[in-house]
Amino acid sequence: MSYGIIFALAGILLTLVFRSNPVFVVTLSTGFLLVGSFVAVGLYDLSRRIEHGEPATFKHSLSVISHNVYGLGIYAVALSFVMLFWVRTATVLTGLMMTSTTVTGEGYGHLFTSLLTMDNGWLFILGFMGVGLLFASIAFTTGVVTVPLLLHRKIDIMTASVTSIRVVKQNPKTMLLWAMTIVAIIGLGIATFYIGLIIAMPLIAHASWHAYRDLVND
């Protein structure tokens, strides 16, 4: 639960700091789905420890990176670039299609009202969601089992990513349902002013670990 509380507090702090720019908050919040597989690495380690009957405490999970410093480090850097690219792309899309008053309006109510009343509001919504879906699809396909695999075995990032792509290719319907489930549960967690992440993140991370164990043979 400690990890869930940290995620919730980070989300709340993000909203408060950038409350004058709700579009940026939405961009970062949706971007969380891109990097969620890595930021949950500590939770994966707790699931691994429970499975092997090892001590499973917050303190023990803090040393998780040491299991595969190189592989996890490279993946963290790669996801950072993906996140930055998403933020930049969303910013450009916003700048092209929205006015400054809409972007920096009086909270989310003003933002949604503006989107529904402006001439190209629905076009912006569809464009934002479409580009976001493209980023999310790439991140999910290349990372659905990557972090658990890097944590479980000391392999390189390319092998882990290729394995993740194979998993999605061999189980397309199941993986699509799993991706939709993750988005729905994490989305609900974010929609509750991030409080729901206290439960949602540990739940999804624990389930993701066991999904990895079912999908990838020893």
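Our subject in this report is the structure included herewith.

Rules used in this analysis
Residues numbered from 1 in each chain as written. Predicted model: local features only at pLDDT ≥ 70, side-chain atom pairs only at ≥ 80, totals over all residues. Heavy atoms only, no water. Helix = DSSP H or I, 4+ residues; strand = E, 2+ residues; numbered from the N terminus. Rg over C-alpha atoms; globule rule 2.2 N^0.38 Å. Buried < 20%, exposed > 50% of the residue type's maximum accessible area, 1.4 Å probe, protein only. Contact = heavy atoms within 4.5 Å. Areas by Shrake-Rupley, 256 points an atom, 1.4 Å probe, with all protein chains shown as cover. Lys, Arg positive; Asp, Glu negative; His and termini not counted. Charge placed at Lys NZ, Arg CZ, Asp CG, Glu CD. 1 Å grid on protein atoms, 1.4 Å probe; cavity = no way out; pocket = protein on both sides within 12 Å on 5 of 7 lines; lining within 4 Å. Points joined across faces, edges and corners; volume = space filled by probe spheres on them. Nonpolar A, V, L, I, M, F, W, Y, C, P; charged D, E, K, R; others polar. Patch = residues over 30% accessible without salt bridge, like charges linked within 9 Å, V, L, I, M, F, W, Y side chains within 5 Å. Salt bridge = Lys/Arg side-chain N within 4 Å of Asp/Glu carboxyl O. Phe/Tyr/Trp six-rings, centres within 6.5 Å; stacked < 30°, edge-to-face > 60°.

This brings us to the overall build of the chain. A count of helices and strands for the chain gives 12 helices and 0 strands. Going from the N terminus to the C terminus, the chain shows its helices and strands as α-α-α-α-α-α-α-α-α-α-α-α. Rg of the C-alpha trace for the chain: 18 Å, near the compact-globule value of 17 Å for 218 residues, within the 12% margin. Each principal axis of the C-alpha distribution contributes one length, and for the chain these read about 55 × 35 × 30 Å. Across the 218 residues in the chain, those meeting the buried criterion constitute 44%. Considering only contacts in the chain between residues 6 or more positions apart, those separated by 24 or more positions represent 70%. A total accessible area of about 11,800 Å² is found for the chain, and carbon and sulfur atoms account for 72% of it. Taken as two groups, the 11 positive and 8 negative side-chain charges of the chain have centres that lie 5 Å from each other.

A volume near 260 Å³ is recorded for the second largest pocket. Going through the elements one at a time, helix H1 (2-17), helix H2 (22-39) and helix H5 (69-97) are the ones with two or more residues in the lining of the second largest pocket. Looking at the lining of the second largest pocket element by element, the count peaks at 5 residues for H2. Tallied by class, residues from the lining of the second largest pocket come to 12 nonpolar, 3 polar and no charged.

A few words now on helix H3 (residues 41-51). Because each turn of an α-helix spans 3.6 residues, side chains separated by three or four positions in sequence point in the same direction. Counting buried positions along H3 gives 9 out of 11 residues, so the element sits mostly inside the fold. On its buried face, H3 is in contact with H1, H2, helix H4 (58-61), H5, helix H9 (146-152) and helix H12 (197-215). One or two positions beyond H3, positive phi appears at Gly 53, with a value near 70°.

Here we come to a nonpolar patch on the surface. Together, Met 1, Ile 5, Leu 9, Ile 199 and Leu 203 make up a nonpolar patch on the protein surface, roughly 510 Å² of accessible area in all. Among the elements of the structure, H1 and H12 are those that each provide at least two residues to the nonpolar patch. Here Leu 9 shows up in helix H1.

Turning our attention to unusual backbone geometry. Despite not being glycine, Phe 193 has its phi angle at roughly 55°, a positive value. The residue Phe 193 is located in the loop between helix H11 (172-191) and H12 in this model. The exposure class of Phe 193 is partly exposed, given its relative accessible area of 40%. In this model, Tyr 194 sits at a positive phi of 75°, which is unusual for a non-glycine residue. Here Tyr 194 is to be found in the loop between H11 and H12. Overall, Tyr 194 belongs to the buried group, its relative accessible area being 7%.

Next up on the list: the packing of aromatic side chains. One pass over the structure, following the stated rule, counts 9 aromatic pairs. Seen from their ring centres, Tyr 3 and Phe 58 are 4.9 Å apart, and the 55° between their planes marks the pair as tilted. Of this pair, Tyr 3 sits in helix H1 while Phe 58 sits in helix H4, placing them 55 residues apart in sequence. We classify Tyr 3 as buried; its relative accessible area is 12%. By relative accessible area, which is 32% here, Phe 58 ends up partly exposed. Here Phe 18 and Phe 24 contribute two aromatic rings whose centre-to-centre distance is 4.9 Å and whose plane-to-plane angle is 70°, an arrangement assigned as edge-to-face. When its relative accessible area of 32% is taken as the criterion, Phe 18 is described as partly exposed. Taken together, the ring pairs in this structure connect Phe 85, Trp 86, Phe 124, Phe 128 and Phe 135 into an aromatic cluster.

In short, the description is geometric, and any link to function would need to be established separately.
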